[in-house]
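# Architecture and fold: a report
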Amino acid sequence: MVDWLYIDFNSYFASCEQQDNPKLRGKPIAVVPMMADSTSCLAASYEAKAFGVRTGTKVGEAKKMCPGLVLVPSRHATYTRYHHRAIEVIDSCLPIHRVCSIDEMCCELTGSHKRLEVAQEQSRKIKQTLAEKLGVSLTVSIGLGPNMLLAKMAADMQKPNGVTWIEKEELPQKLFSLRPRDIPGIGPKMEWRLAQQGITTMEQLLSLNERQMRGLWKSIVGARYFRLLKGESFRPVAETEQKSISHEHVLPPQERDYTSAGIILQKLLVKAAQRLRRGQWMTKRMQVSVRFINGTKWKFEISFHETQDTSLMISHLIKSYKNCPRQARPIKVGVALFDFSSESAHQLSFFESEKKNSFFKIIDQINDKYGKDTVHLASLHEHISSARTHIAFSRIPELDELDDN
Ligand SMILES: [Mg+2]
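A brief report on the enclosed structure follows. Quick caveat: nothing in here was measured; it's all calculated off a predicted structure.

On to the nonpolar core, then. L5, F9, Y12, I90, I126 and L144 are the most contacted members of the largest nonpolar core, which has 38 residues in total. Going through the elements one at a time, β1 (4-9), α1 (12-20), β2 (29-32), α4 (76-93), β6 (104-108), α5 (116-133) and β7 (140-145) are the ones with two or more residues in this core. With seven residues, the top contributor of residues to this core is α4. With 30 residues, the next largest nonpolar core counts L251, I264, V290 and Y321 among its residues.

Now the structure itself:
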């Protein structure tokens with residue numbers, strides 16, 4: 001049994017370039033911020049990695065290590081475009097629980113999908129669908145595990161293009177071939193601190209008890225690692241630190257008017273609210289933005305009593321959207337939710353009923369089971385077929401998260 005499926009794109013920036021330009025496929029390439037020997041590589045293709053070129057390698061050195069290395073200036077808009085498309089494609093196979101960075105996404109498995117053979121089959125389906133709909137150069141490593149941390153570690157175990165799993169019953173032995181620094185979140189500093197305590201192997205680390213782990217980290221983080229590495233199924237600490245959920249959409253030419261933009265905003269809000277409930281959060285603040293063809297922007301922000309009720313949020317949206325200028329043609333719209341609190345700590349307000357909240361949860365479950373938009377708000381009925389999901393990453397990924405090593 002496995003509970004989480006973690007997707008990590010291989011050499012993401014370099015793969016996007018190889019996808020966009022077939023002449024670069026099969027060649028050692030490095031994506032660079034500018035054409036200068038003094039700068040560092042942002043990403044290297046697997047062909048370049050074979051020569052030892054890595055994220056962070058100085059370009060001058062990389063050229064010496066790998067004769068024939070092709071340098072490609074970075075194009076972040078392209079990587080972001082592939083990112084949005086990748087989310088759509090993956091989400092059509094399996095609902096994404098969380099977008100972790102520009103090239104990593106995580107899905108929670110439910111029901112029969114938890115069976116290892118089914119999860120493996122699902123992983124192959126995701127890879128095949130990505131190859132067909134996103135591009136053959138954009139390969140992924142998929143990891144399956146009892147929690148997000150172990151699923152991510154499993155994904156790291158086989159690169160490129162792997163499907164790897166860690167089942168709870170295989171713990172701790174399955175991790176013994178790794179080093180402590182292979183655990184996400186353990187960097188050189190923590191590795192040094194562990195070494196000071198005589199802990200240099202995974203086997204040593206995993207033989208510690210919860211109190212010892214807590215002592216090593218000097219915080220509750222150690223206790224969390226202890227539980228996650230044992231295969232407990234609770235969500236990693238970062239989960240509660242989610243700061244926002246945002247969706248945006250570039251309007252196709254026929255939808256660049258006030259009414260259509262308003263409908264798209266409602267659809268984006270429906271998606272955002274689904275993710276909110278899936279994360280078992282409540283929100284207190286919403287931001288809506290409309291960008292116009294003439295370059296101007298209209299934005300509003302509204303705060304309310306904590307909620308996860310789609311219809312309540314939509315009524316706020318409709319009311320505020322009345323103030324949006326109607327003359328200029330909109331080109332891009334976005335919705336973001338902020339100020340989360342956990343649903344378990346929530347107290348019902350005067351404005352909502354518990355019944356309604358569980359009603360929307362049931363709709364989410366039906367849509368998860370039978371496909372997106374099986375059940376949806378009547379006001380959006382005519383517009384559902386053109387629904388597209390765009391999940392913007394809510395923070396700039398760290399450089400080391402972009403590395404594939
Ligand atoms: Mg990656």
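Now for the pattern of salt bridges. Throughout the structure, instances matching the rule amount to 18 salt bridges. Of the charged contacts, one joins D339 and R285 as a salt bridge, the two residues approaching to 3.2 Å between their closest N and O atoms. Taken together, the positions of D339 in the loop between β12 (330-338) and β13 (341-342) and R285 in strand β10 (residues 281-292) put the pair 54 residues apart, joining distant regions of the chain. Linked by salt bridges that have partners in common, D8, D156 and K159 make up one network.

The next thing to look at is the packing of aromatic side chains. As enumerated under the stated definition, the model contains eight aromatic pairs in all. Between F9 and Y12 the ring centres are 5.6 Å apart and the planes differ by 70 degrees, which places this aromatic pair in the edge-to-face class. According to the relative accessible area criterion, F9 is buried, its value standing at 1%. Accessibility expressed as a relative area gives 2% for Y12, which makes it buried. Over the face of the ring belonging to Y258 we find R326, whose NZ or CZ atom lies 4.1 Å from the ring centre.

Counting buried positions along strand β9 (residues 244-250) yields five of seven residues, so the element is predominantly enclosed. Here β9 pairs with β12 via seven bridges, running antiparallel. Paired with I245 across the two strands is L337, which belongs to β12.

Our next topic: unusual backbone geometry. For the bond running from K159 to P160, omega is -5 degrees, close enough to zero to count as cis. Tracing the sequence through the fold places P160 in the loop between α6 (148-157) and β8 (163-165). Cis geometry marks the peptide bond from L171 to P172; its omega dihedral reads 0 degrees. Position of P172 among the secondary structure elements: in the loop between β8 and α7 (188-196). Look at N161: it is not a glycine, yet its phi comes out positive at around 65 degrees. For N161, the position within the fold is in the loop between α6 and β8. Take N161: its relative accessible area is 42%, and that puts it in the partly exposed class.

On to helix α11 (residues 258-278), then. Across its 21 residues, α11 extends 31 Å between first and last C-alpha, which sits within 8% of the 30 Å expected from 1.5 Å per residue. Counting buried positions along α11 yields 19 of 21 residues, so the element is predominantly enclosed. Among the residues trailing α11, Q280 stands out with phi positive, at a value near 60 degrees.

On to the packing of α11 against helix α12 (residues 310-321). At a minimum axis distance of 10 Å, the contact between α11 and α12 shows a crossing angle of 150 degrees. Overall, the two elements α11 and α12 adopt an arrangement that is roughly antiparallel. Both α11 and α12 take part in a crossing whose hand is right-handed. Across from Y258, A261, G262, L265, Q266, L269, V270, A273, L276 and R277 in α11, the residues of α12 making contact are T310, M313, I314, L317, I318 and Y321.

In this section: α1. Burial within α1 is extensive, with eight of its nine residues counted as buried. Buried residues along α1 sit against β1, β2, β3 (43-44), α2 (46-49), β4 (70-73) and α4.

Sheet architecture is open: three strands sit in the order β3-β2-β4, paired in mixed fashion. Edge positions in the sheet fall to β3 and β4, since each has one partner strand and no second. With two bridges connecting them, β2 and β3 associate as antiparallel partners. Considered in β3, the bridge of V31 is made with A43. Lying over the sheet, α1 contacts β2, β3 and β4, oriented at roughly 110 degrees with respect to β2.

Rules behind the numbers
- Residues numbered from 1 in each chain as written.
- Predicted model: local features only at pLDDT ≥ 70, side-chain atom pairs only at ≥ 80, totals over all residues.
- Heavy atoms only, no water.
- Core = buried A, V, L, I, M, F, W, Y, C linked by side-chain atoms within 4.5 Å.
- Buried < 20%, exposed > 50% of the residue type's maximum accessible area, 1.4 Å probe, protein only.
- Helix = DSSP H or I, 4+ residues; strand = E, 2+ residues; numbered from the N terminus.
- Salt bridge = Lys/Arg side-chain N within 4 Å of Asp/Glu carboxyl O.
- Phe/Tyr/Trp six-rings, centres within 6.5 Å; stacked < 30°, edge-to-face > 60°.
- Lys NZ or Arg CZ within 6 Å of the ring centre and 35° of its normal.
- Pairing = 2+ DSSP bridges.
- Expected span 1.5 Å × (residues − 1).
- Axes fitted to C-alpha atoms, helices over the stretch in contact; angles between N-to-C directions.
- Parallel < 35°, antiparallel > 145°, perpendicular 65-115°, else oblique.
- Left-handed = near helix turned anticlockwise from the far one by under 90°.
- Contact = heavy atoms within 4.5 Å.

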